[in-house]
Amino acid sequence: MVRLTKPVLAFTTSSLAPKLPASLPLGTVLVDSPEFRTMMTTNENIRDYGKTEVDQSDTAAILYSSGTTGRVKGVELTHRNFISLIAGFYYLRRGEEEEEEDAPHPVALNPLPLFHVFGFFMLIRAAAMGETIVLMERFDFEGMLRAVERYKVTYMPVSPPLVVALAKSEVVARYDLSSLRVLGCGGAPLGKEVAERFGERFPWVEIVQGYGLTETGGGATRMLEPEETKRPATVGRLAEMMEAKIVDPVTGEALSPGHRGELWLRGPSVMKGYVGDDEATAATLDAEGWLKTGDLCYFDSDGFLYIVDRLKELIKYKAYQVPPAELEHLLQSNPDIVDAAVIPYPDEEAGQIPMAFVVRKPGSSITEAQIMDFIARQACLILDLYWKH
């Protein structure tokens, strides 16, 4: 990361400072030092660095991503990228304020890692909208529940495994979560069964899903209206100022609604490029500004986006392409399974077969044979519905 971005100043802690190079032009600031803590109350040792003009096309932040493939890359996000995101926040807030004049002041708990675009996105939102934000030094599930109860949290960004835990954990009953109004879910598709189970336990909490990448500053699609949240299998409709198309990954042809292909995006929040990697930038951004996401998706006739899986993660079973995410959703719908991950396993006859790793619910004695039987029965139901359709 240091090699990619060539920083001039680092903010870190005493324990991590030795990992940074000593040659940074402006040195290192220790945020756990007494000098840093008194910074807000003293004018001593203030250095004048002069004034710097900033253009919208200048880099505002560099976040890190593997991109669609390969090693870690520095995603160069500009001031214009964040201006467009903030404009979207204000557009949505205006509509919310008109609908709910007596709504409580928003208090967001951000349990996400701040180096991840989802966590960073939520920080930008809180600062831009004047919201209260609660941060955790280190995540733990019960600590999160205590924070929601103590600070009367109204909104919380989450990933699907956390929704699963909230829906299934017996510990949740010990805490007062009545202040919670909205969960913003992203990072991966949320299974319909998980969303329904969560809704049964927390009928007053609305789950709104969204989709984005580090390369789009975290924003691409979102849910707004109550009827949109009733489609848990989707990640909503396109966000403000964003264009999209589904492209056949082999022919490059744009596909119509209902057909699966690679999702391409274009809009003012799309990155400037990958720092110091012109080859990767050219492979991801075409000459017309379209960002190739590497995600296998489709739109329905109402404009809702469905994420199937990452193109590079598809399991090649004989002549078929099997999305691991679909099997993971089936596994997670079982009440005895807390979490699951599916990977390809080499097979001489089929090429690859899906292999699952599962985390059983504490106290559960579900066996391998029972899980395989469960998946077989679910697959038969899906095929039956498919042929009827």
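As the structure is a prediction and not an experimental result, all values here were calculated from the model.

1. Notes on unusual backbone geometry
Even without glycine at this site, Lys-6 takes up a positive phi of about 50°. Checked against the element boundaries, Lys-6 lands in the loop between helix 1 (2–5) and strand 1 (10–12). Positive phi is not limited to glycine here, since Lys-152 has a value of about 55°. With respect to the helices, strands and loops of the structure, Lys-152 is situated in the loop between helix 5 (141–151) and strand 7 (155–158). Note on Lys-152: relative accessible area 48%, which makes it partly exposed.

2. Here we look at the packing of aromatic side chains
Inspection of every chain in the model, using the stated rule, returns six aromatic pairs. With 4.7 Å between their ring centres and 0° between their planes, Tyr-298 and Tyr-306 make a pair best called stacked. Residue Tyr-298 is classed as partly exposed on the basis of its relative accessible area of 23%. Ring pairing ties together the aromatic residues Phe-198, Phe-202 and Trp-204, which thus form one cluster. Here the guanidinium or amino end of Arg-125 rests over the ring plane of Tyr-155, the centre of that ring lying 5.3 Å away.

3. A word on the sheet that holds strand 15 (residues 273–274)
Strand order in the open sheet formed by three strands is 3-4-15, and the pairing between neighbours is antiparallel. Strands with a single pairing partner mark the edges of an open sheet, and in this sheet they are strand 3 (59–65) and strand 15. Relative to strand 15, strand 4 (residues 73–78) is paired through two bridges, and the arrangement is antiparallel. Along strand 15, the bridge assignment pairs Val-75 with Tyr-274.

4. Regarding the packing of helix 5 against helix 6 (residues 160–168)
Packing of helix 5 against helix 6 leaves a shortest axis separation of 12 Å and a crossing angle of 75°. With respect to helix 6, the element helix 5 is oriented roughly perpendicular. On helix 6, the residues that touch Phe-141, Met-144 and Leu-145 of helix 5 are Leu-162, Ala-165 and Leu-166. The class makeup of the residues in the contact of helix 5 with helix 6 is six nonpolar, no polar and no charged.

5. Topic: helix 6
In terms of burial, helix 6 is a largely internal element, seven of the nine residues being buried. Within the span of helix 6, buried status applies to Pro-160, Leu-162, Val-163, Val-164, Leu-166, Ala-167 and Lys-168.

6. Brief notes about the sheet that holds strand 16 (residues 291–299)
Spatially, five strands are ordered 13-12-14-16-17 in an open sheet, and the strand pairing comes out antiparallel. In the strand order of this sheet, the two ends are held by strand 13 (254–255) and strand 17 (305–310), each with one partner. The sheet contact formed by strand 14 (residues 261–266) and strand 16 spans four bridges and is antiparallel. Of the residues in strand 16, the one forming a bridge with Gly-261 is Cys-297.

7. What to know about the packing of helix 6 against helix 7 (residues 192–201)
Axis separation between helix 6 and helix 7 bottoms out at 9 Å; the angle between their running directions is 40°. The angle between helix 6 and helix 7 places the two elements in the oblique class. Seen along the crossing, helix 6 lies across helix 7 with a hand that is left-handed. The residues of helix 7 that touch helix 6, namely those facing Val-163, Val-164, Leu-166, Ala-167 and Lys-168, are Val-194, Arg-197, Phe-198 and Arg-201. For the contact of helix 6 with helix 7, the per-class residue count stands at six nonpolar, no polar and three charged.

8. Some remarks on a nonpolar patch on the surface
Together, Val-8, Leu-9, Phe-11, Leu-26 and Val-31 give the surface a local cluster of nonpolar side chains, amounting to about 400 Å² of exposed area. Its place among the elements puts Leu-26 in the loop between strand 1 and strand 2 (28–30). By relative accessible area, which is 38% here, Leu-26 ends up partly exposed.

9. Looking at the pattern of salt bridges
Per the stated rule, a full pass over the model turns up eight salt bridges. For the salt bridge of Glu-131 with Arg-125, the shortest nitrogen-to-oxygen distance reads 3.2 Å. For the pair Glu-131 and Arg-125, a shared accessibility class is recorded, and that class is buried. As a salt-bridge pair, Glu-243 and Arg-266 come within 3.0 Å of each other at their nearest N and O atoms.

10. Regarding the UniProt feature "domain: AMP-binding enzyme C-terminal" (unreviewed entry) in the protein
If you check UniProt for "domain: AMP-binding enzyme C-terminal" (unreviewed entry), the listed places come out as residues 326–378 in our numbering. What you have in residues 326–378 is 34% helix and 40% strand, and the ends, taken at the C-alpha atoms, are 11 Å apart.

11. Observations concerning the nonpolar core
Residues Leu-145, Met-156, Leu-166, Leu-183 and Phe-198 are the most contacted members of the largest nonpolar core, which totals 30 residues. Every element with two or more residues in this core is listed here: strand 5 (107–110), helix 5, strand 7, helix 6, strand 8 (182–185) and helix 7. In this structure, Ala-108, Val-117, Met-129 and Leu-285 belong to the second largest nonpolar core, which totals 25 residues.

12. Considerations on the side chain of Glu-262
Residue position: Glu-262 is located in strand 14. One polar contact links Glu-262 to Trp-264, side chain to side chain, over a distance of 3.3 Å. Reaching out from Glu-262, the side chain makes a polar contact with the backbone nitrogen of Gly-294 at a distance of 2.9 Å.

About the thresholds
- Residues numbered from 1 in each chain as written.
- Predicted model: local features only at pLDDT ≥ 70, side-chain atom pairs only at ≥ 80, totals over all residues.
- Heavy atoms only, no water.
- Helix = DSSP H or I, 4+ residues; strand = E, 2+ residues; numbered from the N terminus.
- Buried < 20%, exposed > 50% of the residue type's maximum accessible area, 1.4 Å probe, protein only.
- Phe/Tyr/Trp six-rings, centres within 6.5 Å; stacked < 30°, edge-to-face > 60°.
- Lys NZ or Arg CZ within 6 Å of the ring centre and 35° of its normal.
- Pairing = 2+ DSSP bridges.
- Axes fitted to C-alpha atoms, helices over the stretch in contact; angles between N-to-C directions.
- Parallel < 35°, antiparallel > 145°, perpendicular 65-115°, else oblique.
- Contact = heavy atoms within 4.5 Å.
- Nonpolar A, V, L, I, M, F, W, Y, C, P; charged D, E, K, R; others polar.
- Left-handed = near helix turned anticlockwise from the far one by under 90°.
- Patch = residues over 30% accessible without salt bridge, like charges linked within 9 Å, V, L, I, M, F, W, Y side chains within 5 Å.
- Areas by Shrake-Rupley, 256 points an atom, 1.4 Å probe, with all protein chains shown as cover.
- Salt bridge = Lys/Arg side-chain N within 4 Å of Asp/Glu carboxyl O.
- UniProt positions renumbered as here; feature names shortened; annotations may be inferred.
- Core = buried A, V, L, I, M, F, W, Y, C linked by side-chain atoms within 4.5 Å.
- Polar contact = N/O pair within 3.5 Å; in protein donor to acceptor, adjacent residues only side chain to side chain.

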